[in-house]
Each structure stands twice: as structure tokens, then as C-alpha cells.
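# Commentary on secondary and tertiary structure
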2 protein chains.
Amino acid sequence: MADVELRELRYFRAVATEGSLSRAAATLGMAQPPLSRAISQLERRLGVRLLDRDNRGVSPTPAGETLLAETARVLDAVSAAVHRTRRAARANPTLVVTAKPGVASTVLPRAVDAYRALPAAGEVEILVSGYGEQADLVRAGEVDLALIGSPLHGAGLDVEPLVGEPRVAALPAGHALADGRALTVADLHREPMPQWTDSTPEEVTYWSGRDTVPSSAPLTGPPIRDSAQLVEVVALGQAVALVPESLARANQRPDIVYRPVRDASPYVVGVAWLAGSRDRRVADFVRAASTLADPLAETA
Amino acid sequence: MADVELRELRYFRAVATEGSLSRAAATLGMAQPPLSRAISQLERRLGVRLLDRDNRGVSPTPAGETLLAETARVLDAVSAAVHRTRRAARANPTLVVTAKPGVASTVLPRAVDAYRALPAAGEVEILVSGYGEQADLVRAGEVDLALIGSPLHGAGLDVEPLVGEPRVAALPAGHALADGRALTVADLHREPMPQWTDSTPEEVTYWSGRDTVPSSAPLTGPPIRDSAQLVEVVALGQAVALVPESLARANQRPDIVYRPVRDASPYVVGVAWLAGSRDRRVADFVRAASTLADPLAETA
DNA sequence: CATCGGCCATACCCCCAGGGTATATCGCTC
DNA sequence: GAGCGATATACCCTGGGGGTATGGCCGATG
């Protein structure tokens, strides 16, 4: 019994995220009644009420919330299974490794070169991916490895730190804190700081500098999606930010000053792969990449 | 397209592990032809040949091997989803935490007490589980947390070390190394050491002491399944072993002597939970349990 | 070398679960 | 109370998943 099927989970996810059976049916390309039946059947199988219905739609019960989270895991795992199996079938299985734009042209080539120097090295393919999607690509099995930046914690991923660099404060020119003194993160806690959209609690803590120095001050500041926006809002005087030194070097401009922050944790780039992978080539790559490690990485 | 269904994965797993369509059909309680068709269909959907057939059965191709591994992940995730959802539906969701026999009566009660002392603490249920099945219970969603022993690495699990203790050498009375000198793991590498059955490479490395001092000497020694067997084979002079100090204290007997091993890594008990869990109670439990942490745990 | 036995693939049939359409029912709004 | 926008129910139909029978292949066996 309780032989849940993927179709039911896909349906449930659609319904729970849409908040409506009829809308979900539309996006699934099917009629509403069978969907209604399928969800009821899923509830019967689990013996659990998953949705509260009323006349304006549906909303997940607590049990439904957990099923929704678990469903994401399952569907990720399925997608990963399909991708990995297909990739494994190719004659010369290629190791696919990804990174976001900046890292892809700096750290990644060094790591790839280190791997290619191994006697047992195979083909490597580099995929440049968008901001924040590296972990998903690994989980979905579309890539074998990803270089990700701090904070180095991804659910379901194993991570090995590679290289680190200090973080510095980015201040609008003429800001009160820009007078030349060295700063501490506590100085920044009372200032508005940019908020990355869709960020996890860990990311919020890390980018606000609260990973080393906790603070209960409210988090304020303009929402941003990428580092170009970050530079803009700082230049406009809307916020101060804690940024990797390399970003500071790449964005020297008269309306922004950068200052060291003594007690900020460093920005670390690490290599991540699916937790528990037994793939020989993945292990080789990680080992080769680790030879790039510098001492700063320890403090991640 | 490529809408793989769980039924197909369950079938594939059965076939791949049985090594035969007809035997798998029997264990699945169905006839062989539909199974054959289902597998062919799965291969068509993936566009990948999964099995090599011959007249004496089937064996997985490399792609089939990866699919088999991925299938385990998927089915684990599904089972976890079902269990967690059902548990979440109960009125007062109980936090279920497990440990193997020894740990369940020593470290676990202390951790549970620390959690119960929290103002927001809820119900806690303790489940005593068998050797080596703790990680599976967490992955399958049957428990929320597990106390596991070194080596603290479980695929798909997050682990926080709690308490550690040194490991000592267990030697047959009269053994050449039992003359009172302090030992190093290198001394043990040339001796036969018990081999845990079904152990992962990490476990083999850890229990042979090769995690701190590598060695290429062949691994020899009698297979064992639990610590009672371990004590027996040492007492009989068939092997020497590296064991936690607490096990040594619990098994004082005239035909075994225990000796410190200076450079052996400690035995650490940690609390493990599903990687990336955002469950409030799980986080509370881990935080409460961490207050038990002692300095030795750092070296895990 | 003819036979047999085990195994997988194919052919063919049947039935039901999953999907469609039509409609009932329920709350809210105006 | 009429209308609207939801979900649930009733009923039908079809595709595919499962069954049985059988064919083809290969190695073992006398």
C-alpha cells in the first residue's frame, strides 16, 4: 500500500504552489476534475489531509507543507537520476563543472587545469551558469561539480573550500565611516545593507556580517539581484555592503570607497558536488582542485 | 517526455539487484513479460540501454549502474516524504530520535534532557535501532534525528559532533605489542584487524586507523558484524582492533589488554539529521545537544 | 549432435485507472 | 437572490499495464 506515484507528486506540487486546483489543472494541461480526484486519492493513500479547501482555492495544511518540501527533494532526485543516467551512457562520459560568471573565468580554469594534469583525467566541460543556480544544477544532476561562493552550505551537497579572500566594506564616497579608520562589522550593522532577493537565512546572515558578530538590529536596505545592482545602490548612497576584495578591485570608481573590515569572515569559493557521490572522476577533480587551497580557506 | 514513473524505478531496482527478469518478476509478484516490457519502455524513455541481456540473465551497463544508485536516492526520498508527511499530520508532532544500543543509554538521554529543558520543547520519542541503520532511518524519514558514531560522514545528512573519546588498541593478552609501550597506529597496520561487513570505504579507513596514518598494507582479518564479535576475535588472538575507550571499559577481561594509541583519531558521537532540514524542532534539538560538546569533538 | 532447460522477447487479450465532459454544490459579493 | 468562481460528483471512454501463450536463443548434458 501507499504506493505513491510521481504523477501524484507532480500534481500536488502544482496545486500547492498555484494555490488552486483549477489554475494548476490549466498549467498541467489537463481538466480540473481528474486533478481533484488525483489529489483526493493521494490524501487517501497517505491517510492525511493535505489541503484545506474553501471557495476561493486551496491552501496546504501543515502536513501538506512538509509534503511539498519533500516533494521537491523527490523530484530533484528523479531529475538528477535521468540526467546522470543519460550522461553516464555517453561513450566518453564528460565531467561537467559550472560556476557563476566571475568565478568561471578565474578560479575555475585553474581547477580544471589542475584536474587535467592528472594521469587519469577525462574530458571536462565548463558551463557558465547564472547567479545562485549552481547548487540546483548539481542537485538536478545536470552538472557533476560546481564552484560556489560563501556561505558554503548547500543542502544535499558536499563542499570543499578552495580559495578565500578578505571581504571589505563598500561605502558611498563621503560616508561617515569612510574617513580612513579600519572598520568592524559592528560599524556596519546600523547602516542599511543591500538585501539579496530569494536568499536563504544563511545567506542573509553571511552577507550582513552577522555570521561573525551577531546583531538583532533590523535588516534594512534595497533589494538586489546581482552585484551590478549592489554597486549601484552603494554608489547612490542607499546602502553600505560587505563585498569580496576581488569585487572591490573590479569596481574601482570615484563615488565608492572600500575599507578593510577587521572581523568580517572571508569570502570563500569552494567546490561542491552531490553529497555521497562515489564517482571516481568527481573525487579526482576535488582532490586536484584542493591543491589550489590557500590558508584563508580554513576559516570558512 | 521522459516522464519516468516510480513503478518503473522500483521494477528496475528489483531487476538490477536480482540480476534476472524472471526472478525479479517473482519477487515483485507479477509475470515476467510485463516486467520485460516495462524495462524496455524505461530504456526507450531514457534513450539509454540499461541492461545487458544474455541467456543466463541480465547485468547492468555502466548507465544502469548509475541509474541503480540514483534510484536508491529517489526511493529513499519518496519513503521519507511519506513518513514525514504522516508524522506531520499527527496532532502533536513528536520528534523521533534514534541511536544504537550503547549510545542510546548514555549520550542520547543527556541530549534529550538538554532539549526538554528548552521552553519551546515538544514531545520526544526515543527509538533504539540496530547497528549501522541510523543513517538509513533518517534518510527514510522514519526518525528526525540520529546519534551516529565515527566516521561522521553520511551522504545526505548533516552532522554536528557532540562528544568524543580516545580510541585504544585492543590486543590479545600476550601479544607482542602488549608489553606496555604506548602504541601508534603504524604499529597496528601490519597486524590483522577485524573487518566490519558491509562497511563503506570511509568506515574501513577509519576503523583501520588509516584516517590519520595512511598505509598501503593489505587489509586482513576476520569479518565481524557487531562489537561482541569484535571482542571475541581479539580474545582468540585472531586480530587486534582500534576501539573506543568506553568499549574497552565495558569489556575488561583477562584475555584482552588495552593500550593507548597516541596518533589514533578519537571516536566521536554526533547528531545527524536530514541535510537542509528547516524544521524548527530539529534545529532546537541540535542546538541543545551541542551544549554537551566537549573539546575532543573538534578533531573528528 | 539432438535434446532439454532456463531465460528473455513478442503477440495477443483484457480490464481498470486515469483522463475527459457535464453538472451539482457551496460561499461570497453585489 | 442572482451571479460568479471555486471544488466535488457522476458518468463515459480509451490507453496502457498486466495476464497467458509462445517463440527464439544459448549453453549444458547425455
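Residues numbered from 1 in each chain as written. Chains lettered and ligands numbered in written order. Predicted model: local features only at pLDDT ≥ 70, side-chain atom pairs only at ≥ 80, totals over all residues. Heavy atoms only, no water.

Chain A carries the name LysR family transcriptional regulator in an unreviewed UniProt entry, which gives Actinophytocola xanthii as its organism.

The next thing to look at is the overall build of chain A. Helices and strands together make up the secondary structure of chain A, namely 12 helices and 12 strands. Counting all 300 residues of chain A, 47% fall into the buried class. Of all intrachain contacts in chain A linking residues separated by at least 6 positions in sequence, the fraction that spans at least 24 positions is 72%. A total of about 14,100 Å² of accessible surface is found on chain A, and carbon and sulfur atoms cover 52% of it. Across chain A, the centroid of the 32 positively charged side chains sits 4 Å from that of the 36 negatively charged ones. (Helix = DSSP H or I, 4+ residues; strand = E, 2+ residues; numbered from the N terminus. Buried < 20%, exposed > 50% of the residue type's maximum accessible area, 1.4 Å probe, protein only. Contact = heavy atoms within 4.5 Å. Areas by Shrake-Rupley, 256 points an atom, 1.4 Å probe, with all protein chains shown as cover. Lys, Arg positive; Asp, Glu negative; His and termini not counted. Charge placed at Lys NZ, Arg CZ, Asp CG, Glu CD.)

Now for the interface of chain A and chain B. The extent of an interface is frequently quoted as the accessible surface area lost upon association of the parts. Counting from both sides, the interface comprises 39 residues of chain A and, opposite them, 39 residues of chain B. Counting across the interface, chain A meets chain B through 6 salt bridges. For Glu5(A), the salt bridge is made with Arg10(B), and the minimal N-O distance between the two is 3.5 Å. Taken together, the residues of the side of chain A that touches chain B break down into 20 nonpolar, 7 polar and 12 charged. (Salt bridge = Lys/Arg side-chain N within 4 Å of Asp/Glu carboxyl O. Nonpolar A, V, L, I, M, F, W, Y, C, P; charged D, E, K, R; others polar.)

In the vicinity of DNA strand C there are 20 residues, among which Arg37(A), Leu21(B), Ser22(B), Ser36(B) and Arg53(B) approach most closely. Backbone atoms, meaning sugar and phosphate, make up 61% of the atoms of DNA strand C lying within 4 Å of the protein. In this structure, a base nitrogen belonging to DNA strand C sits 2.4 Å away from a side-chain N or O atom of Arg37(A). Between a phosphate oxygen of DNA strand C and a side-chain N or O atom of Ser22(B), the distance comes to 2.5 Å. Among the secondary structure elements, those contributing two or more residues to the surface near DNA strand C are α1 (6-18) and α3 (32-46) of chain A together with α2 (21-28), α3 (32-46) and β2 (57-60) of chain B. For the surface near DNA strand C, the per-class residue count stands at 8 nonpolar, 8 polar and 4 charged. (Near = heavy atom within 4 Å. Polar contact = N/O pair within 3.5 Å; in protein donor to acceptor, adjacent residues only side chain to side chain.)

Below, the discussion takes up the protein's contact with DNA strand D. The local shell around DNA strand D holds 19 residues, among which Leu21(A), Ser22(A), Ser36(A), Arg53(A) and Arg37(B) are the closest. Counting only atoms of DNA strand D within 4 Å of the protein, the sugar-phosphate share comes to 60%. In this structure, Tyr11(B) approaches DNA strand D through a side-chain N or O atom, which is 3.0 Å from a phosphate oxygen. Those elements that provide at least two residues to the surface near DNA strand D are α2 (21-28) and α3 of chain A together with α1 (6-18) and α3 of chain B. Class assignment for the residues of the surface near DNA strand D results in 7 nonpolar, 8 polar and 4 charged.

Residue position: Glu5(A) is located in the segment before α1. If we ignore the near neighbours within four places in the chain, the residues touching Glu5(A) are Arg45(A), Glu5(B), Leu6(B), Arg7(B) and Arg10(B).

This next bit is on the sheet that holds strand β6 (residues 157-165) of chain A. Residues and elements named next belong to chain A. The sheet built from 5 strands is open, its strands ordered β4-β3-β5-β12-β6 with mixed pairing. Of all the strands in the sheet, just β4 (124-128) and β6 have a single pairing partner and so form its edges. Strand-to-strand twist across the sheet, computed as the mean angle between neighbouring axes with direction ignored, equals 25°. (Pairing = 2+ DSSP bridges. Axes fitted to C-alpha atoms, helices over the stretch in contact; angles between N-to-C directions.)

Residues and elements named next belong to chain B. Strand order in the open sheet made by the 3 strands is β10-β7-β11, with antiparallel pairing throughout. Each edge of the sheet is formed by a strand with only one pairing partner; in this case those strands are β10 (241-244) and β11 (256-260). Sheet twist, expressed as the mean angle between neighbouring strand axes with direction ignored, is 40°. The pairing of strand β7 (residues 167-172) with β10 spans 4 bridges and is antiparallel. Paired with Ala170 across the bridge in β10 is Ala241.

Here we take up the pattern of salt bridges. Opposite charge on two side chains lets them pair, provided their charged atoms get close. Under the counting rule described, the total for this entry stands at 36 salt bridges over all chains. Among the ionic contacts, a cluster of salt bridges with common partners joins Glu43(A), Arg49(A) and Arg53(A).

Further remarks concern the packing of aromatic side chains. Across all of its chains, the model carries 8 aromatic pairs over all chains by this definition. Plain terms: the ring middles of Tyr206(A) and Trp207(A) are 4.9 Å apart, the flat faces sit at 80° to each other, and that makes the pair edge-to-face. As far as burial versus exposure is concerned, Tyr206(A) and Trp207(A) are alike and both buried. Aromatic side chains Trp207(B) and Tyr267(B) sit 5.9 Å apart centroid to centroid with 35° between the ring planes, which places their arrangement in the tilted category. Of this pair, Trp207(B) sits in helix α9 (residues 201-207) while Tyr267(B) is found in strand β12 (residues 267-274), placing the two residues 60 residues apart along the sequence. (Phe/Tyr/Trp six-rings, centres within 6.5 Å; stacked < 30°, edge-to-face > 60°.)

Here we come to the confidence of the model for chain A. All names here are of chain A. Mean pLDDT for chain A: 88, with 97% of residues reaching 70 or above. The lowest-confidence element of chain A is helix α5 (residues 101-104), averaging 81 in pLDDT; the highest-confidence one is strand β10 (residues 241-244), averaging 94. For residues 295-300, every residue scores under 50 in pLDDT, and the model assigns this stretch 9 contacts once sequence neighbours within four places are set aside. (pLDDT = per-residue confidence, 0-100.)

So, about the relation of the copies chain A and chain B. Between the two copies of the chain lies a rotation about an axis combined with a shift along it. The operation relating chain A to chain B is a screw motion whose rotation component is 180°, with 0.1 Å of axial translation and a residual RMSD of 0.2 Å. Overall, the copies show the geometry of a two-fold rotation axis. For chain A, the residue whose C-alpha comes nearest the rotation axis is Gly156(A), separated from it by 2.6 Å. Looking at the interface residues of chain A, 100% of them are also at the interface in chain B, so both copies use one shared face. (Least-squares fit on C-alpha atoms with pLDDT ≥ 70 in both.)

Residue and element names in this part refer to chain B. Take Val124: it is sitting in strand β4 (residues 124-128). Sequence spacing of Val124 and Thr85 is 39 residues, and the spatial spacing of their C-alpha atoms is 17 Å. In contact with Val124, other than residues within four places in its own chain, are Thr94, Leu95, Val97, Val112, Tyr115 and Arg116.

Residue and element names in this part refer to chain A. Structurally, chain A comprises domain 1 (6-84), domain 2 (93-164 + 267-299) and domain 3 (167-260). Facing 5 residues of domain 2, the contacting portion of domain 3 comprises 8 residues. Interface area, domain 2 with domain 3, both sides summed: about 540 Å², of which 74% is carbon and sulfur. A per-residue breakdown of the area domain 2 buries against domain 3 is headed by Tyr131, Pro151 and Tyr267, which together make up 82% of the total. Where domain 2 touches domain 3, the interface holds 0 salt bridges. Summed over the shared surface of domain 2 and domain 3, the result is 1 residue pair in polar contact (both at pLDDT 80 or more). Here the side of domain 2 that touches domain 3 is built from residues that sort into 4 nonpolar, 1 polar and no charged. (Domains from an automatic or database assignment. Buried area = accessible area lost by both parts, 1.4 Å probe.)

Both faces of the sheet carry side chains from a regular strand, because those side chains alternate between them. All names here are of chain B. In terms of burial, β12 is largely enclosed, as 8 of its 8 residues are buried. Bridge analysis of strand β5 (residues 145-149) against β12 gives 5 bridges, and the strand direction is antiparallel. The residue of β12 that forms the bridge with Leu145 is Trp273.

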